Amino acid sequence: MKICCIGAGYVGGPTMAMIAKQCPEIAVHVVDLNPQRIAAWNSDTLPIYEPGLDEVVREARGRNLTFSTNVDEAIAEADIIFIAVNTPTKHFGIGAGRAANLEFIEKCARQIAKVSEGHKIVVEKSTLPVRTAEAIKRILSSADNGATFDVLSNPEFLAEGTAIDDLLDPDRVLIGGESPKAVQTLAEVYAQWVPREKILSTNLWSSELSKLTANAFLAQRVSSINAISALCEATEADVDEVSKAIGTDSRIGPKFLKASVGFGGSCFQKDILNLVYLCEHFGLREVADYWEQVVIMNDYQKRRFAERICRTMFNTVSDKKIAILGFAFKKDTNDTRESAAIYVCRDLLRERARLVIYDPKVEKETIVSELLSALSDLSGTISDLDRELVESNVTVVDNAYDAAIHSHAIALLTEWDEFRTLDFERIYQTMQKPAFIYDGRNILDRQALRKIGFEIFAIGKSN
Ligand SMILES: NC(=O)c1ccc[n+]([C@@H]2O[C@H](COP(=O)([O-])OP(=O)(O)OC[C@H]3O[C@@H](n4cnc5c(N)ncnc54)[C@H](O)[C@@H]3O)[C@@H](O)[C@H]2O)c1
Ligand SMILES: O=c1ccn([C@@H]2O[C@H](COP(=O)(O)OP(=O)(O)O[C@H]3O[C@H](CO)[C@@H](O)[C@H](O)[C@H]3O)[C@@H](O)[C@H]2O)c(=O)[nH]1
């Protein structure tokens, strides 16, 4: 059997590497339009940082795992074609700011229709609005070379930072489709390492909608506890104690109740906005409003964090040096898409703070480009003033101690493990006084820091 995957990103790369590792008899060919990305997949420095990924790729690459830009060839040879391209929020035209941009999906479907012969199974791996498979089927059925297709939905539930564990031992694999034979063929691939009872099959539309719904529920939990964190700060309740108290109720459960500076990542916001757009499309105004509130609350949480920094530093951060620890949207990834850090830094820059940023895995170019795009207007134009703000007020350094030297405050925005064990005595000596710490992840020992002399503010703690 031959598998092709279109899209060598955070999903296509790790997912296909795992299939290739677990199924040595299947030839897996991952293709992408981006030659730099493909070159990186073929090198010793993979394009994404993910614990355990290097080993999996090293085992299968060259044996039954290939990365290339030969999209047509890979499609033509494959029995199963996964589509794992990006489906970002649309930034133009109808549905701008909400709907998913399906341009890349449609281009893949047209290309598959053009170069395929015989019978192929086409698998939606990307996260898509419910009923996208209908459009894909229409496009594929226009193929004029006699090719036939089954379309399946097989959404991916991996989380970044734990992708390899999630792929090795998933809570479930979901396959939606109309043809039992096609569903069975794909299920056989996963059954090489996933227990049968964890492979669920549903109709196409339930599968597509389950992915959006799963992300909406997860993000809703984070926004719910973050909403409570604001109330904790006003009432001397402690959000971590509240989380623990409610999470021990087996009906609620303990996961995804960690209050934070706000959720980030390429998926939660995009997928909820997509759900909101779908609800509006179907005339379900109240349902749309209900889910939109999850994103509104998240924006509030990020804004609130930056405002608290300004307020508690005597109402001005202008010309003050703030060390930013962490820029990725969570630990153990180099992904910065929609990271809360971007928006906190943007707001601080607008207050004319000087930022010294350190993240163990994020490159300087990525940080600068994220900040410039956060400061740009809707059309993507960056004013000279904003460009100047970033050029003069942002420094990126390669360790936390250098970031903290002479700073007035530290804002911890990503929960990297190395930040837990920093020598804060040493850091305190090098900082301006009073020395402030804003813990956006609630991972630091507040008592110990206070003993050293820090003024510490954490999420959902009223000091
Ligand atoms: N990132 C995650 O953790 C995650 C998890 C589950 C689901 N998803 C979903 O999976 C999809 C992919 O996400 P991602 O994070 O891997 O995106 P990504 O941007 O990292 O990767 C997508 C890749 O597709 C390539 N591409 C786009 N159009 C192409 C075409 N016509 N031919 C060949 N290559 C093309 C791009 O060059 C890019 O490298 C999205 O729908 C996302 O919502 C993402
Ligand atoms: O209790 C929590 C849990 C998460 N977060 C934040 O929420 C964001 C998302 O975290 P997580 O869900 O762990 O990472 P993602 O890689 O975005 O994974 C989500 O999005 C993927 C893409 O659709 C799905 O496949 C996954 O199942 C889903 O967890 C991050 O900023 C986290 O810091 C919190 O603030 N508190």
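Being a predicted model, the structure only gives us computed values, none of them experimental.

Okay, empty space enclosed by the protein next. Under the defined criterion, the tally for this structure stands at two cavities of 30 Å³ or more. Approximately 50 Å³ is the volume found for the largest cavity. Forming the walls of the largest cavity are E124, S126, T127, L128, S153, P155, S207, E208 and K211. When residues in the lining of the largest cavity are grouped by element, the largest group, three residues, is from helix α9 (residues 204-235). Considered as a void within the structure, the second largest cavity measures approximately 30 Å³ in volume. Taken together, E233, Q301, R304, F305, R308 and I459 make up the lining of the second largest cavity. Per-element tally for the lining of the second largest cavity: the top contributor is helix α12 (residues 285-312), with four residues. Its residues placed into classes, the lining of the second largest cavity shows two nonpolar, one polar and three charged.

Before going further, it helps to spend a moment on the packing of helix α11 (residues 268-281) against α12. Where α11 meets α12, the axes come as close as 8 Å, and the angle between the chain directions of the two elements is 155°. The angle between the axes of α11 and α12 places the two elements in the roughly antiparallel class. In this structure, α11 crosses over α12, and the sense of that crossing is left-handed. Contacts between α11 and α12 pair Q269, I272, L273, L275, V276, C279 and E280 from the former with R285, V287, A288, W291, E292, V294, V295, D299 and K302 from the latter. When the residues that make up the contact of α11 with α12 are grouped by side-chain class, the tally is 10 nonpolar, one polar and five charged.

Adjacent strands of a sheet form backbone hydrogen bonds with each other and so pair up, either parallel or antiparallel. Spatially, β11-β10-β9-β12-β13-β14 is the arrangement adopted by the six strands of the open sheet, whose pairing is parallel. Unpaired on one side and paired on the other, β11 (394-396) and β14 (455-458) mark the two borders of the sheet. Along the sheet, successive strands turn relative to each other by an average axial angle of 20°, direction set aside. Both strand β9 (residues 321-325) and strand β12 (residues 409-412) contribute to a ladder of four bridges, which runs parallel.

One way to put it is that α12 packs onto helix α13 (residues 340-350) with a least axis distance of 9 Å and a crossing angle of 40°. Comparing their axes, α13 and α12 come out oblique. Here the hand of the crossing between α12 and α13 comes out right-handed. Counting all contacts with α12, which are made through K302, R303, F305, A306, I309 and C310, the residues of α13 involved are A340, Y343, V344, D347 and L348. Considering only residue class, the contact of α12 with α13 consists of eight nonpolar, no polar and three charged.

Attention shifts here to the sheet that holds strand β5 (residues 119-124). Taken in spatial order, the eight strands line up as β3-β2-β1-β4-β5-β6-β7-β8 in an open sheet, and their pairing is mixed. The sheet is open, and its two edges are formed by β3 (65-68) and β8 (199-202), each paired on a single side. Mean inter-strand twist for the sheet, computed between neighbouring axes without regard to direction, equals 25°. Note that β5 and strand β6 (residues 148-153) share six bridges and pair parallel. Bridge pairing in β6 links I121 to D150. Against the sheet, helix α8 (residues 180-190) makes contact with β1 (2-6), β4 (80-83), β5, β6, β7 (173-177) and β8, and its axis sits at roughly 165° relative to β7, the strand it touches most. Together, β5, β6, β7 and β8 form the strand contacts of α9, whose direction differs from that of β7 by roughly 140°.

Most of strand β2 (residues 27-31) sits out of view: four of its five residues are buried. By the bridge criterion, five bridges tie β1 to β2 in an arrangement that is parallel. Its bridge partner lying in β2, C4 is registered against H29. The pairing of β2 with β3 spans four bridges and is classified as parallel. Residue V30 lies in a different strand from β3, and its bridge partner there is F67.

Close contacts around ligand 2 come from 21 residues, with F157, L158, S260, C267 and R441 the closest. Interatomic distance of 2.7 Å between a backbone N/O atom of F157 and an oxygen atom of ligand 2. Within the backbone of E160, a nitrogen or oxygen atom sits 2.8 Å from an oxygen atom of ligand 2. Taken by itself ligand 2 offers 690 Å² of open surface, and the protein chains cover 89% of this. Contributing elements (two or more residues each) for the shell around ligand 2: α9 and α11. For the shell around ligand 2, the element with the highest residue contribution is α9, accounting for four residues.

Conventions adopted
- Residues numbered from 1 in each chain as written.
- Chains lettered and ligands numbered in written order.
- Predicted model: local features only at pLDDT ≥ 70, side-chain atom pairs only at ≥ 80, totals over all residues.
- Heavy atoms only, no water.
- 1 Å grid on protein atoms, 1.4 Å probe; cavity = no way out; pocket = protein on both sides within 12 Å on 5 of 7 lines; lining within 4 Å.
- Points joined across faces, edges and corners; volume = space filled by probe spheres on them.
- Helix = DSSP H or I, 4+ residues; strand = E, 2+ residues; numbered from the N terminus.
- Nonpolar A, V, L, I, M, F, W, Y, C, P; charged D, E, K, R; others polar.
- Axes fitted to C-alpha atoms, helices over the stretch in contact; angles between N-to-C directions.
- Parallel < 35°, antiparallel > 145°, perpendicular 65-115°, else oblique.
- Left-handed = near helix turned anticlockwise from the far one by under 90°.
- Contact = heavy atoms within 4.5 Å.
- Pairing = 2+ DSSP bridges.
- Buried < 20%, exposed > 50% of the residue type's maximum accessible area, 1.4 Å probe, protein only.
- Near = heavy atom within 4 Å.
- Polar contact = N/O pair within 3.5 Å; in protein donor to acceptor, adjacent residues only side chain to side chain.
- Areas by Shrake-Rupley, 256 points an atom, 1.4 Å probe, with all protein chains shown as cover.

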